[in-house]
Amino acid sequence: QYQSLWLSNLGQDGVPVSIKMVALHAIDLTPEFGMKSTSAQYQAVRRMLRSNGYSIRASTRVLGQASTAQTTGIATQFMGHVRALVSLPNRAKQWILNMDQTAVFFSMVPRTTLHRRGGRTIGIRNTANGANRITVSLDIGGMGD
């Protein structure tokens with residue numbers, strides 16, 4: 001019963017939910033559930049979803065995320081924090097860095113979610129600019145740290 005309420009609340013907020021998420025939540029509620037095999041967990045979750053009227057559904061519309069002003073403020077605060085760390089006295093310029101970079105998209109939302117049967121509009125919360133991305137880098141200093 002609690003799982004169904006949890007799923008309903010997430011669905012109303014537009015959060016995409018997978019069977020794996022439900023299984024992990026069930027393990028949090030009942031640690032013995034985690035002792036079952038992955039296949040048994042999946043089957044138990046599918047039975048619970050079916051008995052409560054849920055099915056795997058594709059998104060029919062995308063819901064907006066945080067405003068640009070809000071995300072700009074968070075990014076500016078983060079950059080200030082990082083700049084303060086980088087400018088500490090123990091950050092010597094002679095260190096050699098090895099760096100690897102990769103792109104990560106802001107919006108990597110799945111196309112399906114769990115939703116009650118019969119609903120015509122299934123919304124999934126997403127960012128407004130799905131093509132925007134950031135560069136993530138992994139660095140290591142020449143001294144091994």
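Residue numbers restart at each chain and count upward from 1, following the sequence in its written direction. Reporting of local features is limited, given that this is a predicted model, to residues whose pLDDT is at least 70; pairs of side-chain atoms are given and counted only at 80 or more, and all residues count toward the totals for whole chains, interfaces and linings. Excluding hydrogens and water, the side-chain figures rest on all heavy atoms present in the structure.

In this structure, what is going on with the overall build of the protein chain? I would like to understand it.
Counting its secondary structure elements, the protein chain contains 4 helices and 6 strands. Per the convention used, a helix needs a DSSP run of H or I reaching at least four residues, while a strand needs a run of E reaching at least two, with both numbered from the N terminus. If you list the helices and strands of the protein chain from N to C, you get α-α-α-β-β-α-β-β-β-β. Pairs at least 24 apart in sequence give 74% of the contacts found in the protein chain among residues at least 6 apart. Accessible area of the protein chain: about 10800 Å², with a carbon and sulfur share of 57%. Note on contacts: a residue pair qualifies if any of its non-hydrogen atoms lie within 4.5 Å across the two residues. Working definition of accessibility: Shrake-Rupley area with a 1.4 Å probe, residue cover restricted to the visible protein chains.

Whenever I open this one, helix α3 (residues 38–51) confuses me. Can you help?
One turn of the α-helix equals 3.6 residues, which is why residues spaced by three or four share an orientation. In this scheme, a helix's expected span is set at 1.5 Å multiplied by one less than its residue total. Helix length check: α3 (14 residues) gives 20 Å between terminal C-alpha atoms against 20 Å at 1.5 Å per residue, within 8%. All of the buried residues along α3 are Q41, A44, V45, M48 and L49. The buried residues of α3 occupy an angular sector of 135° when projected down its axis, which confines them to one face. Residues of α3 that are buried make contact with α1 (2–12), α2 (19–29), β1 (54–58) and β4 (112–116). Trailing α3 by a residue or two, G53 shows a phi angle of about 80°, which is positive. Between buried and exposed lies partly exposed: a residue is buried under 20% and exposed over 50% of the maximum accessible area for its type, with that area taken using a 1.4 Å probe on protein chains only. It is the directions from the helix axis to the C-beta atoms that the arc portrays.

I'm lost on the nonpolar core in this one. Help?
As a rule of thumb, soluble globular proteins bury nonpolar side chains together. Joining through side-chain atoms within 4.5 Å is the link that ties buried Ala, Val, Leu, Ile, Met, Phe, Trp, Tyr and Cys residues into a set, and such a set is a nonpolar core. L7, V17, V22, F33, V45, L49 and L114 are the most contacted members of the largest nonpolar core, which totals 15 residues. Of all elements in the fold, only α1, α2 and α3 reach the threshold of two or more residues within this core. Beyond its immediate chain neighbours, meaning those up to four positions away, L49 contacts L7, I19, Y54 and L114.

How should a positive patch on the surface be read in this particular structure?
Two joining distances apply to patches: 9 Å for like charges and 5 Å for nonpolar side chains (Val, Leu, Ile, Met, Phe, Trp, Tyr), and every residue must have over 30% relative accessible area and no salt bridge. Put simply, a salt bridge is a Lys or Arg side-chain nitrogen that is within 4 Å of an Asp or Glu carboxyl oxygen. Note that His is not counted, nor are the chain ends; the positive residues are Lys and Arg, and the negative ones are Asp and Glu. Throughout, a charge is located at the NZ atom of Lys, the CZ atom of Arg, the CG atom of Asp or the CD atom of Glu. A surface patch of like charges, here positive, comprises K36, R46, R47, R50 and R117. Turning to its location among the elements, R46 is positioned in helix α3.

Quick question: what am I supposed to make of α1 here?
Those residues of α1 that sit buried are Q3, S4, W6, L7 and L10. With its buried residues spanning 160° around the axis, α1 presents them on a single face. Lining the buried residues of α1 we find α2, α3, β1 and β4. Two residues or fewer past α1, G14 is found with a positive phi of approximately 80°.

So what exactly am I meant to see when it comes to the environment of I140 here?
Mapped onto the fold, I140 is located in strand β6 (residues 133–141). Exposure remark for I140: the relative accessible area of 41% places this residue in the partly exposed category. Each C-alpha atom of the pair I140 and M99 lies 6.6 Å from the other, and the pair is 41 residues apart in sequence.

Hey, could you run me through the packing of α2 against α3 in this one?
When two helices pack together, their arrangement is given by the angle between their axes and by how far apart the axes lie. The angle between two axes is taken between their N-to-C directions and runs from 0 to 180 degrees, where each axis is a line fitted to C-alpha atoms and a helix contributes only its stretch in contact. Two elements in contact, α2 and α3, have axes whose closest approach is 10 Å; the angle formed by their N-to-C orientations is 100°. The angle between α2 and α3 falls in the class roughly perpendicular. The segment α2 lies against α3, with I19, V22, A23 and I27 engaging Q41, Y42, V45, R46, M48 and L49. Just so you know the grouping, Ala, Val, Leu, Ile, Met, Phe, Trp, Tyr, Cys and Pro go in nonpolar, Asp, Glu, Lys and Arg go in charged, and all remaining residues, Gly too, go in polar. When the residues that make up the contact of α2 with α3 are grouped by side-chain class, the tally is 8 nonpolar, 1 polar and 1 charged. Orientation labels follow simple angle bins: below 35 degrees gives roughly parallel, above 145 gives roughly antiparallel, 65 to 115 gives roughly perpendicular, and whatever is left gives oblique.

Explanation requested: a nonpolar patch on the surface in the structure shown.
Together, Y2, L5 and L29 make up a nonpolar patch on the protein surface, roughly 310 Å² of accessible area in all. Of note, L5 is situated in helix α1. For L5, a relative accessible area of 48% gives the class partly exposed.

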